[in-house]
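Spelled out from the first residue to the last, the chains are:
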Amino acid sequence: WRGWEGAPYSTLVPSDEVTINYRHGLPVITLMLPTRSERCQFTVKPVVTTVGAFLKDVQREDKGIERAEVFATDGSKVSDSTLMEVLLMSDFKLVINDTAYSVSPPVKDKLNSEHATEMEDIKSLVHRLFVALHLEDHQIRKERELLQRVDHLKEELLPLEQMKARIVNSADAKTSRLLWVGLALMSTQGGALAWLTWWVYSWDIMEPVTYFITYGSAMAFYAYFVLTKQDYIYPHAKDRQFLHYFYRKSKKQHFNVERYNKLKDDLAEAEESLRRLRQPLHLRLPIQEISDKD
């Protein structure tokens, strides 16, 4: 008889040579070791044990085993990464050296409720132990990745921050000069109106002039609202003028504002993730220590 992958097997052993029984909720696989000629029991943790780990245990128990593989009933090879829990759901063939064992696992539905409850408890316990043993390593690895990302983003942002600082200083200086120019023009206008009122003409002549100047200013403020959809408030107008100078200077200096904003957002996200990872609750500190820190 020829087995899978064209490999010849001398015998095809019936299923009673390899038995599977459940003890305390765990499957116990009993098989005959070929070179030692004795039966050996292997207790399997189906939630965490893989097919590859089980086969290695069998080969470790009997050094004379040169080949150990598992095949499905349709002849396809079962991957070593497959969990034993999945394998034990259906029949399979265990190949040891040149002997193929036909294995029929017991149906889970036939297990009594006590064994099923024990199995669920064991699964829950294994999961909690796995989390407890590997959570700290995962946190350390994740923290290292976040620190590397933060350093990388800061390196990319450094030349952009320097360029932005120069552009901000230039835009702020131009905005301040514009404000002082506006104050100087308003002072000049007030002085000119006073001079024309008391020294050149009388108030009767200058009153219509001041009225139209006031009306013209109101029209200018209304035009500002129509164009910007905002009231003419001095701080807002100053910020708007600053942004105008900033973006014009950025275009001349080839400063990529969108890339800068994207890097800043990524840096803030990475730092927030790092902060959350370092929170006391995430580090599983005792409640008393958490209260002391607060």
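Residues numbered from 1 in each chain as written. Predicted model: local features only at pLDDT ≥ 70, side-chain atom pairs only at ≥ 80, totals over all residues. Heavy atoms only, no water.

- Under the annotation held in an unreviewed UniProt entry, the chain carries the name Calcium uniporter protein and is attributed to Mionectes macconnelli.
- Note on the chain: under the UniProt heading Function (unreviewed entry), the record states "Mitochondrial inner membrane calcium uniporter that mediates calcium uptake into mitochondria. Mitochondrial calcium homeostasis plays key roles in cellular physiology and regulates cell bioenergetics, cytoplasmic calcium signals and activation of cell death pathways."
- Check the Sequence similarities (unreviewed entry) section of the UniProt entry for the chain; it says "Belongs to the MCU (TC 1.A.77) family." (UniProt positions renumbered as here; feature names shortened; annotations may be inferred.)

1. Details of the side chain of Glu-69
Part 1 of the reasoning: Within the secondary structure, Glu-69 is located in strand E5 (residues 68–72).
Part 2 of the reasoning: For Glu-69, a relative accessible area of 15% puts it in the buried group.
Part 3 of the reasoning: Here the side chain of Glu-69 touches Arg-67 through a polar contact of 2.6 Å, side chain to side chain.
Part 4 of the reasoning: Residues contacting Glu-69, with those up to four places away along its chain left out, are Leu-55, Lys-77, Lys-93, Leu-94 and Val-95. (Helix = DSSP H or I, 4+ residues; strand = E, 2+ residues; numbered from the N terminus. Buried < 20%, exposed > 50% of the residue type's maximum accessible area, 1.4 Å probe, protein only. Polar contact = N/O pair within 3.5 Å; in protein donor to acceptor, adjacent residues only side chain to side chain. Contact = heavy atoms within 4.5 Å.)

2. Focus: the nonpolar core
Side chains of a nonpolar character, in soluble globular proteins, are inclined to be buried together.
Part 1 of the reasoning: Residues Ile-29, Leu-31, Phe-54, Val-70, Phe-92 and Leu-94 are the most contacted members of the largest nonpolar core, which totals 25 residues.
Part 2 of the reasoning: Looking at this core, the elements with two or more residues in it are strand E2 (19–23), strand E3 (26–33), strand E4 (38–43), helix H1 (51–61), E5, helix H2 (84–87), strand E6 (92–96) and strand E7 (99–103).
Part 3 of the reasoning: The greatest single-element share of this core, amounting to four residues, is contributed by H1.
Part 4 of the reasoning: Those residues in contact with Val-70, other than ones at most four positions away along the chain, are Val-51, Leu-55, Lys-77, Val-78, Leu-87, Phe-92, Lys-93 and Leu-94.
Part 5 of the reasoning: Formed by 15 residues, the second largest nonpolar core is a distinct cluster that contains Phe-255, Val-257, Leu-267 and Ala-270. (Core = buried A, V, L, I, M, F, W, Y, C linked by side-chain atoms within 4.5 Å.)

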